[in-house]
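# Observations on the three-dimensional arrangement
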Amino acid sequence: MTTPNHQIRCYSAALKMLMRREHSKLELFNKLQLKGYDDEIIDSAITQLTEQNYQSDERFAEAFILMRFNQGKGPVRIASELKLRGISSFNLSDFDWFKSAKEIRKKKFGDIVSSDFKEQAKQKRFLQSRGFSLDQINQSF
């Protein structure tokens, strides 16, 4: 049943989420569904929030990319996480991923590059798990 009261509560719940941090439309939709709101009401609330510029997938993507970059994550991982959150258009070219991979490798394993194959393989797997491409990983050595 769709009542004005349900719409107001749904809008208010979404706004509270956005006050804490940026959310993608998909994230908001999923969280509001878990709270038991109807899809129609959720769509209406998200549309209204987007029109009022309280919700922006572009702003969410920028904040998310910066947060993950600062956590030492690579572009492959960040891109897949954004896609899971419903963001298909984003720009990762503002960051120097080669420099980031090298710094993360140094921070974790030290300045000296080991000549031991097993140790290098371990370090490469670590960087790969962080989401760096093979080019970025190889250049960090």
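What comes next concerns the included structure. (Residues numbered from 1 in each chain as written. Predicted model: local features only at pLDDT ≥ 70, side-chain atom pairs only at ≥ 80, totals over all residues. Heavy atoms only, no water.)

To continue, consider the overall build of the chain. Within the chain, the regular secondary structure consists of eight helices and zero strands. Taken from N to C terminus, the helices and strands of the chain fall in the order α-α-α-α-α-α-α-α. Against the 2.2 N^0.38 benchmark of 14 Å for 141 residues, the chain shows a C-alpha radius of gyration of 20 Å, more extended than a compact globule. Counting only residues that meet the buried cut, the chain has 35% of its 141 residues in that class. Restricting to contacts in the chain with at least 6 residues of sequence separation, those with at least 24 account for 58%. Counting only carbon and sulfur atoms, one obtains 50% of the accessible surface of the chain, whose full area is about 8900 Å². One way to put it: in the chain the 24 positive side-chain charges average out to a point 9 Å from where the 18 negative ones average out. (Helix = DSSP H or I, 4+ residues; strand = E, 2+ residues; numbered from the N terminus. Rg over C-alpha atoms; globule rule 2.2 N^0.38 Å. Buried < 20%, exposed > 50% of the residue type's maximum accessible area, 1.4 Å probe, protein only. Contact = heavy atoms within 4.5 Å. Areas by Shrake-Rupley, 256 points an atom, 1.4 Å probe, with all protein chains shown as cover. Lys, Arg positive; Asp, Glu negative; His and termini not counted. Charge placed at Lys NZ, Arg CZ, Asp CG, Glu CD.)

The subject of this paragraph is the side chain of Ser100. Turning to its location among the elements, Ser100 is positioned in helix 6 (residues 97-109). Aside from chain neighbours lying at most four places away, what touches Ser100 is Phe69 and Phe132.

With their axes 11 Å apart at the nearest point, helix 6 and helix 7 (residues 117-130) run at an angle of 125° to one another. Between helix 6 and helix 7, the angle falls in the class oblique. Relative to helix 7, helix 6 is oriented so that their crossing is right-handed. Contact residues: helix 6 offers Ala101, Ile104, Arg105, Lys108 and Phe109, while helix 7 offers Glu119, Lys122, Gln123, Phe126, Leu127 and Arg130. The residue inventory of the contact of helix 6 with helix 7, partitioned by class, reads five nonpolar, one polar and five charged. (Axes fitted to C-alpha atoms, helices over the stretch in contact; angles between N-to-C directions. Parallel < 35°, antiparallel > 145°, perpendicular 65-115°, else oblique. Left-handed = near helix turned anticlockwise from the far one by under 90°. Nonpolar A, V, L, I, M, F, W, Y, C, P; charged D, E, K, R; others polar.)

This part is about the pattern of salt bridges. Scanning the entire structure with this criterion turns up five salt bridges. A salt bridge links Arg85 to Glu27; its shortest N-O distance comes to 3.2 Å. Here Glu27 lies in helix 2 (residues 25-34) and Arg85 lies in the loop between helix 5 (75-84) and helix 6, a separation of 58 residues in the sequence. A salt bridge links Arg68 to Glu81; the shortest N-O distance between them is 2.6 Å. Of the two residues, Arg68 is situated in helix 4 (residues 57-70) and Glu81 in helix 5; the sequence distance between them amounts to 13 residues. The same class applies to Arg68 as to Glu81, namely buried. Linked through salt bridges whose partners overlap, the residues forming this network are Arg21, Glu27 and Arg85. (Salt bridge = Lys/Arg side-chain N within 4 Å of Asp/Glu carboxyl O.)

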